[in-house]
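# Results of the structural survey
Chain by chain, the residues run as shown.
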Amino acid sequence: VSSRLQRGNQLAVPGTISVTANWEPIEHLKTRMKQHGGEFQPSAFTCFAYCVAQALKDFPGFRSTLRGEEVLRTYDHANLGIAVALPGDELVTAVVEQADILDFPTFAAKCREQIDLARGGKDQASEALAISLTNMQAFGLRDAVPVVVPPAVGTLFLGAIFNGLDQDTDDLVLQRQVNLTLTFDHRVVNGVGAAEFLLKVKSNLEIISKFIIVG
């Protein structure tokens, strides 16, 4: 990853935007999963990653990679990257291939398999990796500015859960929230397209029960 970061610093033209999302639908979904039982209980992050995968269906810019300065390749389906930390502050990438066309049980199982491989030291990044996720909830960090690692076109940061105010009511109502921060390569995606993608991820989070059926 370090070599790709150096390359990204030389090539990418980064832009960063952020939005606050309601995290309560994810927590409610996890509660229903536990009540339903079953040996495999996907994490809240896996549920979040599935929301991102579903959003990628409608945004070809985030299924694209820029090769050199002139060749843009757009893929029919999205390979979703997940940053995995190793001891010694090392970082590798797990990749769920064609993540946008997988049903949730298959997606969740594939996430676990690929993350386990990454924890074993296998970096899975390739030229077809268009967007990566980084999760800092365990460290209590609400905000960060993620870095684009070419050939990927974007990196999406998931922040720690906090109690914020519900923006959909005039009353003072506390709500479990997270910040989502997207850094994107301006050579491939402009600000409006990036904002529309980020808002689609936020919307998917807040209607996640339509994507993931329990029972």
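In this report, the structure presented in the accompanying data block is examined. (Residues numbered from 1 in each chain as written. Predicted model: local features only at pLDDT ≥ 70, side-chain atom pairs only at ≥ 80, totals over all residues. Heavy atoms only, no water.)

### Structural notes on the pattern of salt bridges
In total, this model carries 4 salt bridges according to the counting rule given. Of the charged contacts, one joins Asp185 and Arg187 as a salt bridge, the two residues approaching to 2.7 Å between their closest N and O atoms. (Salt bridge = Lys/Arg side-chain N within 4 Å of Asp/Glu carboxyl O.)

### Details of the layout of surface pockets
Its boundaries defined by the atoms lining it, the largest pocket holds a volume of some 1100 Å³. Along the wall of the largest pocket there are 45 residues; nearest its centre are Ala83, Val84, Leu91, Thr134 and Asn135. Of all the secondary-structure elements, those providing two or more residues to the lining of the largest pocket are α1 (2-11), α3 (44-55), β4 (79-86), β5 (90-96), α4 (104-119), β6 (129-135) and β7 (154-158). When residues of the lining of the largest pocket are assigned to their parent elements, the largest contribution, 6 residues, is made by α4. For the lining of the largest pocket, a count of residues per class yields 29 nonpolar, 9 polar and 7 charged. Volume-wise, the second largest pocket comes out at about 260 Å³. Lining the second largest pocket are 13 residues; nearest its centre among them are Met33, Pro42, Phe104, Pro105 and Ile213. Secondary-structure elements contributing two or more residues to the lining of the second largest pocket are α2 (24-36) and α4. If one sorts the elements of the lining of the second largest pocket by residue count, α4 sits on top with 3 residues. For the lining of the second largest pocket, the per-class residue count stands at 9 nonpolar, 4 polar and no charged. (1 Å grid on protein atoms, 1.4 Å probe; cavity = no way out; pocket = protein on both sides within 12 Å on 5 of 7 lines; lining within 4 Å. Points joined across faces, edges and corners; volume = space filled by probe spheres on them. Helix = DSSP H or I, 4+ residues; strand = E, 2+ residues; numbered from the N terminus. Nonpolar A, V, L, I, M, F, W, Y, C, P; charged D, E, K, R; others polar.)

### Some thoughts on the pairing of strand β8 (residues 162-165)
The side chains of a regular strand alternate, first on one face of the sheet and then on the other. Side chains Phe162 and Gly164 of β8 all project onto a buried face; the interleaved residues Asn163 and Leu165 project onto a face where none is buried. Taken together, the 4 bridges between β8 and strand β9 (residues 174-185) define a ladder with antiparallel strand orientation. Bridged to Phe162 within β9 is Gln177. (Buried < 20%, exposed > 50% of the residue type's maximum accessible area, 1.4 Å probe, protein only. Pairing = 2+ DSSP bridges.)

### Focus on the packing of aromatic side chains
Counted by the stated rule, this structure contains 6 aromatic pairs. An aromatic cluster of three or more residues is present, and its members are Trp23, Phe45 and Phe48. Its guanidinium or amino end placed over the ring of Phe40, Arg112 lies 4.0 Å from that ring's centre, counting from NZ or CZ. (Phe/Tyr/Trp six-rings, centres within 6.5 Å; stacked < 30°, edge-to-face > 60°. Lys NZ or Arg CZ within 6 Å of the ring centre and 35° of its normal.)

In short, shape yes, function no, at least from these values alone.
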